[in-house]
Amino acid sequence: MSATPITTPMSATEIASKVRAGELNPTAVIGGAIALIEGADTRYNSVTRVLGPRAIGEAEALGRRLRAGEDVGPLAGVPFGVKDLFDMAGEVTTAGSIVLNENPPADADASVVRRLCAAGAIPVATLNMDEFAYGFATENAHYGVTRNPHDVDRLVGGSSGGSAAAVAAGLLPVTLGSDTNGSIRVPASLCGVWGLRPTQGLLPLEGVFPLSASLDVVGPFTASLDDLQLVFEVLADRAVGTPPDVEGLRIAQLGGWFARNMAPEMEQGVTRVLAHLRAADVVELPNVERARAAAFIITAAEGGNLHLPRLRARAAAYDPATRDRLMAGALMPATRILQAQRFRTWFRAQAHALFERYDVLVAPAVPGVAPRRDQPVIVVDGAEVPARANLGLYTQPLSFVGMPILTAPLTVEGLPLGVQLIAAPGREDRLFAVARSLESAGIAGCTLVPPQGRPGL
């Protein structure tokens, strides 16, 4: 199934505007979203749990507040979903595993969930993921495979694959995910939606089950750039303001490692982006392969040590692939971890130094289109390698430098692709400026696969 231009029945911005104006009943909006998930998600398996009673109750309460004349917030009545590692009050946070099933329900929502709810948004579902967020495929041994809405025989990416697929399939206008080594950027690209990994530390991680505490970042997926900016402003509790003039921004291509191993369609997409932005300069980061290796080491070590007590008690309950990687991480020599952290400090300084000369860097987000599930390989340096371990080829080296990265979905024929737009910490405004320029030129934009028999919102 090929991608088509976005035809979302209603964006988050539109829903909120109509709910606030009294033109839409929030209970009807949420009921429609639940019906759509229950009717269409059997094809994609992006949802693990529908929060029906809570969602309807919150929609009814929102309606009463509206009738009382209250200001119900900029996301009034907007349905959203969360990757199943965000705490939801009254629900067990499974993090994509059965290992945590016997845990008590969460006492409160995760902090970022509370921020969306305070702005009037309503959570309707938890979303599928790789077990404990450790993967790039969203092929979950416990909750099943999430299928790419653009071609159900292809990988969706991960570990926030359910979050990206739910948006791409038109099931939800907004979802939340997490990104340790590319878990927002990879699935956003393979599913053709907007995704944002904000500046590290900007958004709270309270109530989010960790993989690697020093690398984890949470962020949104949306079907429109307007929605992405609005949701980011709510999550960050600050306005982006008027994005700067793109003509005044210094933009360069991130070359070297990031210019190798692109499939022809990805290379063409990057070239088109750079030509529009008149970005003639090419800059390189040193020792990118070591950066990727260091990211692997830090993730494995922090994740492995977090899970070590559970591995000792319930190893058989883990997905074998996840278990083996976590156990290897727990056994990592301390000297290797220390070396990786020292290298991280050095590499971060090299990356941040680039922003003394440039405002935004451009790099591919994925090597090419989503690989087929029955042929899950990509070509790296002339050799076929497993796609599931290497879809983060371009995202992992950038994961531990702390900078904000916006994934812009490219308007291409056929299957989706995405590019990374990278800025200095705290300069998300520059990313939105460049993204809007690409969108206005028809170079970037979400693609959507409407499910058959879609009920209108």
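On a predicted model such as this, the values are computed, not experimentally measured, just so you know.

What counts as what
Residues numbered from 1 in each chain as written. Predicted model: local features only at pLDDT ≥ 70, side-chain atom pairs only at ≥ 80, totals over all residues. Heavy atoms only, no water. Helix = DSSP H or I, 4+ residues; strand = E, 2+ residues; numbered from the N terminus. Rg over C-alpha atoms; globule rule 2.2 N^0.38 Å. Buried < 20%, exposed > 50% of the residue type's maximum accessible area, 1.4 Å probe, protein only. Axes fitted to C-alpha atoms, helices over the stretch in contact; angles between N-to-C directions. Parallel < 35°, antiparallel > 145°, perpendicular 65-115°, else oblique. Contact = heavy atoms within 4.5 Å. Nonpolar A, V, L, I, M, F, W, Y, C, P; charged D, E, K, R; others polar. Pairing = 2+ DSSP bridges. Expected span 1.5 Å × (residues − 1). Bend = angle between axes of the 7 residues up to and from the residue. Disulfide = S-S within 2.5 Å. pLDDT = per-residue confidence, 0-100.

**Thoughts on the overall build of the protein chain**
Logical step 1: When its secondary structure is counted, the protein chain shows 13 helices and 17 strands.
Logical step 2: Over its C-alpha atoms the protein chain spans a radius of gyration of 21 Å, differing by no more than 12% from the 23 Å that the globule rule assigns to 457 residues.
Logical step 3: Dimensions along the principal axes, computed over C-alpha positions, put the protein chain at roughly 60 × 60 × 40 Å.
Logical step 4: Taking all 457 residues of the protein chain together, 60% fall into the buried category.

**Regarding the packing of helix H9 (residues 288-314) against helix H10 (residues 320-330)**
Logical step 1: Contact geometry of H9 with H10 gives a least axis separation of 7 Å together with a crossing angle of 105°. Taken as axis vectors, H9 and H10 run roughly perpendicular relative to one another. Contacts from Ala-300, Ala-301, Gly-303, Gly-304, Asn-305, His-307, Leu-308 and Leu-311 in H9 reach Arg-323, Leu-326, Met-327, Gly-329 and Ala-330 in H10.
Logical step 2: Its residues placed into classes, the contact of H9 with H10 shows seven nonpolar, five polar and one charged.

**So, the sheet that holds strand E2 (residues 47-50)**
Logical step 1: If you walk across this open sheet you meet the eleven strands as E2-E4-E3-E7-E9-E8-E15-E16-E12-E10-E11, and the pairing is mixed. Each having just a single partner strand, E2 and strand E11 (282-283) make up the two edges of the open sheet.
Logical step 2: Across the face of the sheet, helix H5 (residues 161-168) comes into contact with strand E3 (79-83), strand E4 (122-127), strand E7 (174-179) and strand E9 (217-222) while running at roughly 155° to E7.
Logical step 3: On top of the sheet, helix H8 (residues 264-277) reaches strand E10 (251-254), strand E12 (360-364) and strand E16 (418-423); it is set at about 160° to E12, its chief contact.

**Some points on the packing of H8 against helix H13 (residues 428-440)**
Logical step 1: For the pair H8 and H13, the least separation of the axes is 11 Å and the interaxial angle reads 105°. Viewed along their axes, H8 and H13 adopt a mutual orientation that is roughly perpendicular. Between H8 and H13, the residues in contact are Val-273, His-276 and Leu-277 and Val-434, Ser-437 and Leu-438, respectively.
Logical step 2: In terms of residue class, the contact of H8 with H13 is built from four nonpolar, two polar and no charged.

**Some points on the pairing of E9**
Logical step 1: With six of six residues buried, E9 is to be regarded as a mostly interior element.
Logical step 2: Summarising the sheet, E7 and E9 pair through six bridges and their orientation is antiparallel. Directly across from Leu-176, in E9, lies its bridge partner Pro-220.
Logical step 3: When strand E8 (residues 194-197) meets E9, the two strands line up antiparallel, connected through two bridges. Counterpart to Trp-194 in the pairing with E9 is Thr-222.

**Here we look at H9**
Because each turn of an α-helix spans 3.6 residues, side chains separated by three or four positions end up pointing in the same direction.
Logical step 1: Between its first and last C-alpha atoms H9 spans 37 Å; for 27 residues at 1.5 Å apiece the expected length is 39 Å, and the two agree.
Logical step 2: In the structure, H9 departs most strongly from a straight axis at Leu-308, where the bend amounts to approximately 55° and where the proline Pro-309 lies between one and four residues downstream.

**Side note on the state of the cysteines**
Throughout this description, disulfide means a covalent bond between two cysteine sulfur atoms.
Logical step 1: Under the definition given, this model contains zero disulfides.
Logical step 2: You can see Cys-191 has no disulfide; the closest cysteine sulfur is in Cys-446, sitting 9.7 Å from it.
Logical step 3: For Cys-191, a relative accessible area of 0% translates into the label buried.

**Describing unusual backbone geometry**
Most peptide bonds take the trans form, and the phi angle of most residues other than glycine is negative.
Logical step 1: Residue Gly-158 is joined to Ser-159 through a cis peptide bond whose omega torsion reads 5°.
Logical step 2: For Ser-159, the location among the structural elements is in the loop between strand E6 (144-145) and H5.
Logical step 3: Backbone geometry places Asn-261, a non-glycine residue, at a positive phi of 70°.
Logical step 4: Positioned with a positive phi, Arg-278 is a non-glycine residue whose angle comes to about 55°.
Logical step 5: Structurally, Arg-278 is set in the loop between H8 and E11.

**Digging into the confidence of the model for the protein chain**
Logical step 1: Per-chain confidence: the protein chain averages 95 in pLDDT, with 96% of residues scoring 70 or above.
Logical step 2: Within the model, the stretch residues 1-8 combines pLDDT values under 50 with 22 contacts to residues more than four positions away or in other chains.
Logical step 3: Contacts for the low-pLDDT stretch residues 453-457, under 50 throughout, to residues beyond four places or in other chains number twelve contacts.

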